[in-house]
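Coordinate analysis (summary)
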Amino acid sequence: MADALPRPAPRRRLLVSGLLLGAGTAGAIDEIVFHQLLHWHHFYDRASGAAGLVSDGLLHAATFSAAVAGLALLADARRRGPFPAVLWWGAVLTGAGAFQLWDGLGNHKLLRLHQVRYGVDLTGYDVAWVLPGAALLLAGVVLLVRSRSRPVPRT
């Protein structure tokens, strides 16, 4: 029987891997830097300090779990053989940008779970929060579109 070429990882698995890792990483950076190190806000600031700390713990558990799941799917994809890196990086950037935009627009403005910071004019903070998310999302979508026209690599 002839040696078969390794099959590329399924596109959907790579997309989910990248989206989970991107969103999990962006969420973890947000939680570690802005919640823990700078003490600017908690995930849920509309209750006692204890509720804010619990909400931060739940957010941290969720983002860490998403990142670990994304890495596990990536390891599985790599085990299956070559995969299109442009597709995966596009998904990572899309996941990170989507998290950042949802946090800035959904959590901060729509749901009002927390703001970036308190006691200051929020305009600059909101712009500095949302624009990088939009840029990450746009870059990710561009890479995902570009990945559709590239052949799947074989080794």
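As a reminder, the structure under discussion sits directly above these lines.
Our subject in this report is the structure included herewith. (Residues numbered from 1 in each chain as written. Predicted model: local features only at pLDDT ≥ 70, side-chain atom pairs only at ≥ 80, totals over all residues. Heavy atoms only, no water.)

Observations regarding the nonpolar core
As a rule of thumb, soluble globular proteins bury nonpolar side chains together. One finds Leu14, Leu21, Ala67, Leu74, Ala77, Phe83, Leu87, Trp88, Ala91, Val92 and Leu144 forming the largest nonpolar core, which totals 11 residues. Elements with a contribution of two residues or more to this core: α1 (11-37), α2 (49-80) and α3 (85-110). Broken down by element, the residue count for this core peaks at 4 residues, all from α3. In this structure, Leu74 is in contact with Ser17, Phe83 and Trp88, ignoring residues within four places of it in sequence. (Core = buried A, V, L, I, M, F, W, Y, C linked by side-chain atoms within 4.5 Å. Buried < 20%, exposed > 50% of the residue type's maximum accessible area, 1.4 Å probe, protein only. Helix = DSSP H or I, 4+ residues; strand = E, 2+ residues; numbered from the N terminus. Contact = heavy atoms within 4.5 Å.)

Some remarks on the pattern of salt bridges
Evaluation of the coordinates by the stated rule reveals 4 salt bridges. Of the charged contacts in the structure, one is a salt bridge between Arg13 and Asp76, with a shortest N-O distance of 2.9 Å. Placement of Arg13 in helix α1 and of Asp76 in helix α2 is noted, with a sequence separation of 63 residues between them. You can call Arg13 partly exposed: its relative accessible area is 29%. By relative accessible area, Asp76 is classed as buried at 14%. Between Arg80 and Asp76 there is a salt bridge, and its shortest N-O distance comes to 2.8 Å. Of this pair, Arg80 and Asp76 both sit in helix α2, 4 residues apart, which is roughly one turn of the helix. (Salt bridge = Lys/Arg side-chain N within 4 Å of Asp/Glu carboxyl O.)

Concerning the packing of α1 against α3
Put simply, α1 and α3 touch, their axes get as near as 7 Å, and they point 40 degrees apart. In terms of orientation, α1 and α3 fall into the oblique class. The two elements α1 and α3 cross, and the hand of that crossing is right-handed. Every residue of α3 that contacts α1 at Arg11, Leu14, Leu15, Ser17, Gly18, Leu19, Leu21, Gly22, Ala23, Ala26, Gly27 and Asp30 is listed here: Leu87, Trp88, Ala91, Val92, Thr94, Gly95, Ala96, Phe99 and Asp103. Split by residue class, the contact of α1 with α3 holds 12 nonpolar, 6 polar and 3 charged. (Axes fitted to C-alpha atoms, helices over the stretch in contact; angles between N-to-C directions. Parallel < 35°, antiparallel > 145°, perpendicular 65-115°, else oblique. Left-handed = near helix turned anticlockwise from the far one by under 90°. Nonpolar A, V, L, I, M, F, W, Y, C, P; charged D, E, K, R; others polar.)

What about the environment of Leu53?
Tracing the sequence through the fold places Leu53 in helix α2. Among the residues examined, Leu53 registers a relative accessible area of 56% and is labelled exposed. Remark: the alpha-carbon pair of Leu53 and Val141, spanning 88 residues in sequence, is separated by 34 Å.

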